[in-house]
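Secondary and tertiary structure notes
What follows is the residue order along each chain.
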Amino acid sequence: MQDLKELNETISAIKQEILDSAGTLTSSRGVYEFKKNFLDFKKGKISQLMKEMRNIPNEHKAEFGKTVNAAKNWALDFFEELDQKLKAEERKHRYENEKIDISMPAVRTTYGNLHPVTTVANQLTDIFASMGFEVYEGSEIETDYYNFTALNTPQDHPARDMQDTFYLSPEFLLRTQTSAGQIHVMEKKKPPIKIISPGKVFRSDDDATHSPMFTQMEGLVVDEGITLCDLKGMLDMFVQRIFGENTTTRLRPSYFPFTEPSVEVDVSCFQCGGKGCKLCKGTGWIEVLGAGVVNKRVLENCGIDSEKYRGFAFGIGLERIAMLKYGINNIKMLFESDLRVLDQIDD
């Protein structure tokens, strides 16, 4: 390029190319990429014109540079205006797609809820805490001593059999009851003792009302002058809080190695009021838990004077309470996380 006339012709051609192609651009990204063809520092067509400066006579260099800079500024302004125009169109299009019709019915929002067993566990913990019970959480892996021997379970008791207990080794097992926790507490703490011990327990049992893993809450009270009447009074208060104020309890003789006397605890049917229905199988009563006065041998195994102190203990299956409270007839429903079941439970 030897003169300004040729430069002006080249610049006019570049401007026309830009104007002709501008109509094909539909996005700010396209503008950015197209602009590089003309203004890129190394390869842009307008930027390349400056390299011709060395071929221009000295007396024309100033005019040459001024003309190229004017073309560069024109291109910058043109692309900036085009970019802003396309960005505005993009925003308008996005707003159209994202706008909300406030006259439309609201989309139903669903909320999660606590699992029925968790809800029951929280309710029971609150009830017993209001009676002065402390919470102790033991280990799910126990020794044979704490799970059986210290609880006065004979060596030939069926509960020790492999078909009932998950043994990890001859010494260690998955606890079959949270009663093991009361031994740990009585070894470390002297009376008065008033604790509940909730947690998972494991037994080789599986049908509509039993599961290989379930949740139990063991309760223990040890103090001077404790009798079976104290147990009855505490249980009456408990069932009234969980099933309704008109609910009562009855005690039936039973046997557990770690309590003497031992009882099965029934509650008056909270569905029919004791008249007899499908839930209580026409008897007016529903079995809910086992309990009894702590066996003297258990107290002595923990170094507690059985002549001075007495106690009572009880064990509650939380899945059992949840099934009764929410009308669930198969324990497996509590572990399958079927939303059709869980959505019906709103406590």
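Residues numbered from 1 in each chain as written. Predicted model: local features only at pLDDT ≥ 70, side-chain atom pairs only at ≥ 80, totals over all residues. Heavy atoms only, no water.

**Points about the overall build of the chain**
Counting its secondary structure elements, the chain contains 11 helices and nine strands. In terms of overall size, the chain is more extended than a compact globule, its C-alpha atoms giving a radius of gyration of 41 Å where 347 residues would be expected to give roughly 20 Å. Its C-alpha atoms put the chain at 125 × 50 × 35 Å along the principal axes. Each of the 347 residues in the chain was classed as buried or not, and the buried ones make up 41%. Residue pairs at least 24 apart in sequence account for 64% of intrachain contacts in the chain once pairs closer than 6 positions are excluded. As displayed, the chain has an accessible area near 20000 Å², and 51% of this comes from carbon and sulfur atoms. (Helix = DSSP H or I, 4+ residues; strand = E, 2+ residues; numbered from the N terminus. Rg over C-alpha atoms; globule rule 2.2 N^0.38 Å. Buried < 20%, exposed > 50% of the residue type's maximum accessible area, 1.4 Å probe, protein only. Contact = heavy atoms within 4.5 Å. Areas by Shrake-Rupley, 256 points an atom, 1.4 Å probe, with all protein chains shown as cover.)

**A few points about the nonpolar core**
Leu 124, Phe 128, Met 234, Phe 238, Leu 289, Phe 314 and Ile 316 are the most contacted members of the largest nonpolar core, which totals 42 residues. For this core, the secondary structure elements donating two or more residues are α5 (116–130), β5 (213–223), α8 (228–243), β7 (259–268), β8 (285–294), β9 (310–317) and α10 (318–326). Here this core takes seven residues from α8, the largest share from any one element. Among residues more than four places away in sequence, those in contact with Leu 289 are Leu 235, Phe 238, Val 263, Glu 264, Val 265, Phe 314, Gly 315 and Ile 316. Formed by 21 residues, the second largest nonpolar core is a distinct cluster that contains Ala 22, Leu 49, Ala 75 and Leu 86. (Core = buried A, V, L, I, M, F, W, Y, C linked by side-chain atoms within 4.5 Å.)

**Regarding helix α1 (residues 4–22)**
For α1, which comprises 19 residues, the first-to-last C-alpha distance of 27 Å matches the rise-based estimate of 27 Å (1.5 Å per residue) to within 8%. Among the residues making up α1, those that are buried are Leu 7, Ile 11, Ile 14, Ile 18 and Ala 22. Angularly, the buried residues of α1 cover 70 degrees about the axis, an arc narrow enough to put them on a single face. Counted as exposed and oriented over 90 degrees from the buried face of α1: Lys 5 and Asp 20. Buried residues in α1 make contact with α2 (28–39), α3 (45–49) and α4 (58–98). (Expected span 1.5 Å × (residues − 1). Arc of directions from axis to C-beta.)

**Thoughts on the environment of Asp 236**
Structurally, Asp 236 is set in helix α8. Sequence spacing of Asp 236 and Gly 132 is 104 residues, and the spatial spacing of their C-alpha atoms is 16 Å. Ignoring any residue separated from it by four or fewer positions in sequence, one finds Asp 236 in contact with Thr 248 and Thr 249.

**Thoughts on the pattern of salt bridges**
Between side chains of opposite charge, a pair can form as their charged atoms come close. Enumeration according to the criterion identifies nine salt bridges in this entry. Close ionic contact of Glu 33 with Lys 36 constitutes a salt bridge, the shortest N to O distance being 3.3 Å. With Glu 33 and Lys 36 both in helix α2 and three residues apart, this pair spans about one turn of that helix. Note that Glu 287 and Arg 252 form a salt bridge whose closest N and O atoms lie 3.5 Å from each other. Taken as a pair, Glu 287 in strand β8 and Arg 252 in strand β6 (residues 249–256) lie far apart in primary sequence, 35 residues in all. Judged by its relative accessible area of 39%, Glu 287 is partly exposed. Several salt bridges converge on common partners, so that one network encompasses Arg 250, Arg 252, Asp 266 and Glu 287. (Salt bridge = Lys/Arg side-chain N within 4 Å of Asp/Glu carboxyl O.)

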